[in-house]
Amino acid sequence: MWKKVNGELIHTTDETRVKFRTNISKSILDQLEKIALENDTYVNYLIESGLRNVLSAGTITFDKKNRPKDRVQFKTTYDENLLEKVKEFSKEHKLFINDVIEYSTNFIDVTNIKDRSYRYRVE
């Protein structure tokens, strides 16, 4: 992102975002990449949308027996506050964070997501 300081634009890192590594289903990741391309956004913005919707609902129905077998490592950045809430939510429901992330992909609202240009915003 860019910040205006004394009338000049300075490129800076968004301090509200944190790096996070998890394992996620390759097939789900492939679907998210396709949706991201179609909607001019990034996969992590899609995941964040789904996570917000799951957290706002406050409930999760997840069968641990149906965990995907095709998980791959996925590294990206997330909003720090959202990630903390997801960690708490997963502990409360006795699930792993990657289970919550995969579940949340069913609740993505593409009408309310950040687009690719968001990371280049001026504040």
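Refer to the structure printed above.
Definitions and cut-offs
- Residues numbered from 1 in each chain as written.
- Predicted model: local features only at pLDDT ≥ 70, side-chain atom pairs only at ≥ 80, totals over all residues.
- Heavy atoms only, no water.
- Helix = DSSP H or I, 4+ residues; strand = E, 2+ residues; numbered from the N terminus.
- Buried < 20%, exposed > 50% of the residue type's maximum accessible area, 1.4 Å probe, protein only.
- Contact = heavy atoms within 4.5 Å.
- Areas by Shrake-Rupley, 256 points an atom, 1.4 Å probe, with all protein chains shown as cover.
- Lys, Arg positive; Asp, Glu negative; His and termini not counted.
- Charge placed at Lys NZ, Arg CZ, Asp CG, Glu CD.
- Core = buried A, V, L, I, M, F, W, Y, C linked by side-chain atoms within 4.5 Å.
- Polar contact = N/O pair within 3.5 Å; in protein donor to acceptor, adjacent residues only side chain to side chain.
- Expected span 1.5 Å × (residues − 1).

### Quick notes on the overall build of the protein chain
And step 1. Each helix and strand in the protein chain was counted, giving four helices and four strands.
And step 2. Tracing the protein chain from N to C terminus, the helices and strands come up as β-β-β-α-α-β-α-α.
And step 3. On the principal axes, the C-alpha backbone points of the protein chain span a range of 55 × 30 × 25 Å.
And step 4. Buried residues in the protein chain amount to 36% of all 123 residues.
And step 5. Across the protein chain, contacts joining residues at least 24 apart in sequence account for 84% of those joining residues at least 6 apart.
And step 6. Approximately 8,000 Å² of the protein chain is accessible, and the part contributed by carbon and sulfur atoms is 48%.
And step 7. The distance from the centre of the 22 positive side-chain charges to the centre of the 20 negative ones in the protein chain is 5 Å.

### Topic: the nonpolar core
And step 1. Of all hydrophobic cores here, the largest spans 24 residues; its most connected members are Ile47 and Ile101.
And step 2. Breaking this core down by element, the ones donating at least two residues are β3 (17-25), α1 (26-38), α2 (43-57), β4 (71-79), α3 (80-92) and α4 (97-104).
And step 3. It is α2 that contributes the most residues to this core, five residues altogether.

### Side note on unusual backbone geometry
And step 1. Positive phi values are uncommon outside glycine, yet Asp40 reaches one of about 50 degrees.
And step 2. Looking at where Asp40 falls in the secondary structure, it is placed in the loop between α1 and α2.
And step 3. One non-glycine residue, Lys94, lies in positive phi territory at about 55 degrees.
And step 4. A relative accessible area of 65% places Lys94 in the exposed class.

### Quick word on the side chain of Ser104
And step 1. One can find Ser104 in helix α4.
And step 2. The class of Ser104 is buried, set by a relative accessible area of 0%.
And step 3. Polar contacts involving the side chain of Ser104 include one to the main-chain carbonyl oxygen of Ile101, which spans 2.7 Å.
And step 4. Once residues within four sequence positions are removed from consideration, Ser104 is found in contact with Ile47, Gly50, Leu51 and Val54.

### Brief notes about α2
And step 1. For α2, spanning 15 residues, the distance from its first C-alpha to its last is 22 Å, which sits close to the expected 21 Å at 1.5 Å a residue.
And step 2. For α2, the set of buried residues is Val43, Asn44, Tyr45, Leu46, Ile47, Glu48, Ser49, Gly50, Leu51 and Val54.
And step 3. Looking at the packing, one finds that the buried side of α2 touches β3, α1, β4, α3 and α4.
And step 4. Gly58 sits one or two residues past α2 and shows a positive phi near 80 degrees.

### Here's the deal with the environment of Leu51
And step 1. Looking at the secondary structure, you find Leu51 in helix α2.
And step 2. Through-space distance from the C-alpha of Leu51 to that of Phe107 is 7.7 Å; in sequence the pair is 56 residues apart.
And step 3. Ignoring anything within four residues of it in the chain, the contact list for Leu51 reads Leu82, Val86, Val100, Ile101 and Ser104.

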